[in-house]
Amino acid sequence: MNMLEIDNLHVTVQGKEILKGITLSIPAGEVHAVMGPNGSGKSTLSYTLAGREGYEVTGGHIYYKGEDLVPLSPDARAAKGVFLALQYPVEIPGVVTLTFLKTALNAQRRARGEPELDAMRTLRLVREKATALKINEDMLRRPLNAGFSGGEKKRMEILQMALFEPTLAILDETDSGLDIDALKLVAEGVNALRSPSRAMLVITHYQRLLSYIVPDRVHVLAGGRIVKSGGADLALELEKSGYEGVEAA
Amino acid sequence: MAAVRETTERVADLAGEKYKYGFVTDIEMVRAERGLNDDTVRFISAKKGEPEWMLQWRLEAFQRWQEMTEPNWARVHYPKIDYQNIYYYAAPKSQGAAPKNLEDVDPKLLETYKKLGIPLSEQKMLAGVAVDAVFDSVSVATTFKAKLTEAGVIFCPISEAIRDYPDLVKKYLGTVVPVTDNFFATLNSAVFSDGTFVYVPKGVRCPMELSTYFRINASDTGQFERTLIIADEGSYVSYLEGCTAPKRDENQLHAAVVELVALGGAEIKYSTVQNWYPGDEEGKGGIYNFVTKRGDCRGRGSKISWTQVETGSAITWKYPSCILRGDDSVGEFYSIAITNNYQQADTGTKMIHLGRNTRSRIISKGISAGRAQNTYRGLVSVHPSAENARNHTQCDSLLIGGNCGAHTVPYIEARNQSAKIEHEATTSKISDDQLFYCLQRGIPQEEAVALIVNGFCRDVLQQLPMEFAVEAQKLVGISLEGSVG
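Everything quoted here is computed from the prediction, not taken from an experiment.

Criteria and cut-off values
Residues numbered from 1 in each chain as written. Chains lettered and ligands numbered in written order. Predicted model: local features only at pLDDT ≥ 70, side-chain atom pairs only at ≥ 80, totals over all residues. Helix = DSSP H or I, 4+ residues; strand = E, 2+ residues; numbered from the N terminus. Buried ≥ 20, exposed ≤ 12 C-beta atoms within 10 Å, placed from the backbone. Axes fitted to C-alpha atoms, helices over the stretch in contact; angles between N-to-C directions. Parallel < 35°, antiparallel > 145°, perpendicular 65-115°, else oblique. Left-handed = near helix turned anticlockwise from the far one by under 90°. Contact = placed C-beta atoms within 7 Å. Pairing = 2+ DSSP bridges. Nonpolar A, V, L, I, M, F, W, Y, C, P; charged D, E, K, R; others polar. Expected span 1.5 Å × (residues − 1). Core = buried A, V, L, I, M, F, W, Y, C linked by C-beta atoms within 7 Å.

Draft legend 1. Spotlight on the overall build of chain B. Helix and strand content of chain B: twelve helices and 23 strands. Relative to its 485 residues, chain B shows a buried fraction of 59%.

Set out below in structure tokens:
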């Protein structure tokens, strides 16, 4: 079954059409990459999937596990297992990371009708996931993302992904602003989460990330449309020829 | 900004409904005649069984009050108050003149406090917290008195203290907030009905948290509480007050006076969780909270710390202050003021440095939503005698939506060259990015706003006694659902 099915999706932002008919399916267990130049609509796609206000679907459909996603609020989507790792994770001053994680985890559990986890069980769960990402106790006790380095912020995104165990994970330019060591660490975290029951959409400008997170399919987004799709090699091809060649094709 | 606007609107829709304390207790009351004159003052004094000196003190205050005019410098607007159209005394008939033992308290009153989450029977209470429950103009019960007496701590209604400890009351009453201090304080001095008296003897660390729970119930009635706390040399006490009132279309006046005296080496920690009815989403009804609170660090090395969480009231006019008289004394003011809909708050502090090496610290967090106006007004005054005085002030404002206002009005007077005064101020908004981030992680909108604002207030919430910090955090959340975004 397709975890995500996007059918002829049109999206308008502030009165301007950005996505002009995107069709894309990701089966459970696969990782797809969407690549494209600046302004091609990559971030619009990720925000639209997450349901951000201001991203208006003017045509087409988004189905997630066969269900129409469009009418659902962002928090309802999250509770159903849609996760978006942001390109620029937001700082929330004064809100201790652990508190944030517990609040989010329990809000999702509540929405699904599952019992909430107490502080001790949450802490144990978070610690277990944090170790692999080299996130220490000190970071968990600091306000969320406040004063975190670029790498720390991205690791925190992956920690949340590990914690919430989404079935559809969208990673929006997770590689941006990372040095090679941080990139490897993040990629390892993502690879550890690859699973037959999970679909991932990795959005990136550069091929670099895809050397570490090897996708099943690569799609090229340009001018609000998918202009080319292929296997993992397509990314390498792009690295050589640049986007211009593809757009012309 | 669309998401924020929507939040604010949704929050506004819920306002009023979310005020859980808006019920009225149906109970037979004894009242003074409507209006205010010499006879009203005599009536209140007689009801309390006061000695002649107290009556004279009140009458003098009333005399002075008649010559005074209401202050108008605060950034708050309200129709003129008709002082002759208020009841100045209202008490449950069943209470008689003096508070009784818990077994004798009218079950309706016990039920009321239970509904407010303040069970008065000692076995059911929060361990380690003694409560004085003030209902309109009288104290209806004071718990854990025996245990406190063992430690030598006096904790009783002020009306009782006037009768039983006249020397202590005479020595300290009106010495921090003089009778003629300001219009509302003078009015209070004339007609105050009840409040709490605390005396902690030398070297005693008060064995439990003390608290007073103020409830306004009767309509058209003002509440004029008077609290006096004395910490003798080397003693320590932590005190907390909470306040609620029924939902009514009328505005009700609450004009309290609180005086704190800390002698050498003593420390008083005074916390307030103010949740008076704020009025509805149209700005109708709500309490006028015109309060004078001041602490006197009278002795060397003494410390007074004010922490306030102000979420209620239609109008708040309140400046808990410290007179740093003793050398090496310390004053602190930590404040969270949340205003939503048409609420107005003009609040802050005064730190008066008189002694050498005196230090003060101010952290103020103002949150405005709806059409509310929130002003921080603070004075740091360093007198010539205050060698090496230090102050640090931090004022942060958070705006939710585009129709509210935040104002910061700091006054700084340094008359000693050695003074070091620092003032920092910030104004911010809850951003769409922050909201979306929380939503994306599954946190619903209202909970997200509550979380972000609690983070904004963290420095101040941490100052509250443990027993109340969680409650206050929830209250911030509820106010965010119901009185703030």
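From this point, things continue past the structure.
Draft legend 2. Examining unusual backbone geometry more closely. Despite not being glycine, Lys65 of chain A shows a phi value in the positive range, around 50°. Here Lys65 of chain A shows up in the loop between strand E4 (55-64) and strand E5 (67-68). Using a count of 17 C-beta atoms within 10 Å as the deciding quantity, one classes Lys65 of chain A as partly exposed. Not every positive phi belongs to a glycine, and Asn341 of chain B is a case in point at roughly 50°. Within the secondary structure layout, Asn341 of chain B lies in the loop between strand E17 (330-339) and strand E18 (344-353).

Draft legend 3. Quick peek at the packing of helix H2 (residues 38-47) of chain B against helix H3 (residues 52-66) of chain B. Residues and elements named next belong to chain B. Orientation of H2 relative to H3, taken along the N-to-C sense of each, is 150°, at an axis distance of 10 Å. Relative to H3, the element H2 is oriented roughly antiparallel. For H2 against H3, the interelement crossing comes out right-handed. Along the contact surface, H2 presents Asp38, Val41, Arg42 and Ser45, while H3 presents Met54, Leu55, Arg58, Leu59 and Phe62.

Draft legend 4. Structural detail: the sheet that holds E4 of chain A. Residues and elements named next belong to chain A. What the four strands build is an open sheet, ordered E2-E1-E4-E5; its pairing is antiparallel. Both edges of this open sheet fall to strand E2 (16-27) and E5, since each of them pairs with a single strand only. Direction of pairing for E4 relative to E5: antiparallel, over a ladder of two bridges. In the sheet register, Tyr64 faces E5, and the bridge partner there is Glu67.

Draft legend 5. Looking closely at the interface of chain B and chain A. Every contact between the two is made by 18 residues of chain B and, on the other side, 22 residues of chain A. Breaking the side of chain B that touches chain A down by element, the ones donating at least two residues are helix H1 (2-14), helix H9 (432-440) and helix H10 (445-456) of chain B. Top element by residues in the side of chain B that touches chain A is H9 of chain B. It accounts for six residues. Residues belonging to the side of chain B that touches chain A are distributed by class as follows: ten nonpolar, four polar and four charged.

Draft legend 6. Structural context of the environment of Val13 of chain A. Residues and elements named next belong to chain A. Here Val13 is to be found in strand E1 (residues 2-13). On the basis of neighbour counts, which here come to 17 C-beta atoms within 10 Å, the residue Val13 falls in the partly exposed class. In sequence terms Val13 and Glu53 are 40 residues apart; their C-alpha atoms lie 9.6 Å from each other.

Draft legend 7. Summary view of H10 of chain B. All names here are of chain B. Look at H10: 17 Å from first C-alpha to last across twelve residues, which is about the 16 Å you get at 1.5 Å a residue. Within H10, eleven of the twelve residues are buried, which leaves it mostly tucked inside the rest of the structure. Among the residues of H10, those classed as buried are Gln445, Glu447, Ala448, Val449, Ala450, Leu451, Ile452, Val453, Asn454, Gly455 and Phe456.

Draft legend 8. Spatial organisation of the sheet that holds strand E8 (residues 199-204) of chain A. Residue and element names in this part refer to chain A. Spatial strand order, E6-E7-E8-E3-E9-E10: six strands in an open sheet with mixed pairing. A single partner strand is all that each edge strand has here, and the edge strands are strand E6 (82-85) and strand E10 (225-230). On average, adjacent strands in this sheet sit at an angle of 20° to one another, irrespective of strand direction. Where strand E3 (residues 31-35) meets E8, five bridges bridge the pair, whose relative direction is parallel. Bridged to Val31 within E8 is Met200. Lying over the sheet, helix H6 (residues 150-164) contacts E6 and strand E7 (168-172), oriented at roughly 170° with respect to E6.

Draft legend 9. Focus on H6 of chain A. Residues and elements named next belong to chain A. The terminal C-alpha atoms of H6, which comprises 15 residues, lie 22 Å apart, in line with the 21 Å expected from a rise of 1.5 Å per residue. Buried residues of H6: Lys154, Arg155, Met156, Glu157, Ile158, Leu159, Gln160, Met161, Ala162, Leu163 and Phe164, and no others. Looking at the buried positions of H6, the neighbouring elements they touch are E6, helix H3 (97-111), helix H4 (119-132), E7 and helix H7 (180-192). Positive backbone phi, at 45°, marks Glu165, one or two positions downstream of H6.

Draft legend 10. Structural detail: the nonpolar core. Residues Phe83 and Ile170 of chain A together with Val198 and Ala231 of chain B are the most contacted members of the largest nonpolar core, which totals 212 residues. Apart from the residues within four sequence positions on either side, Ala231 of chain B is in contact with Val200, Tyr236, Val237, Val261, Ala262, Leu263, Ala266, Glu267 and Ile268 of chain B.

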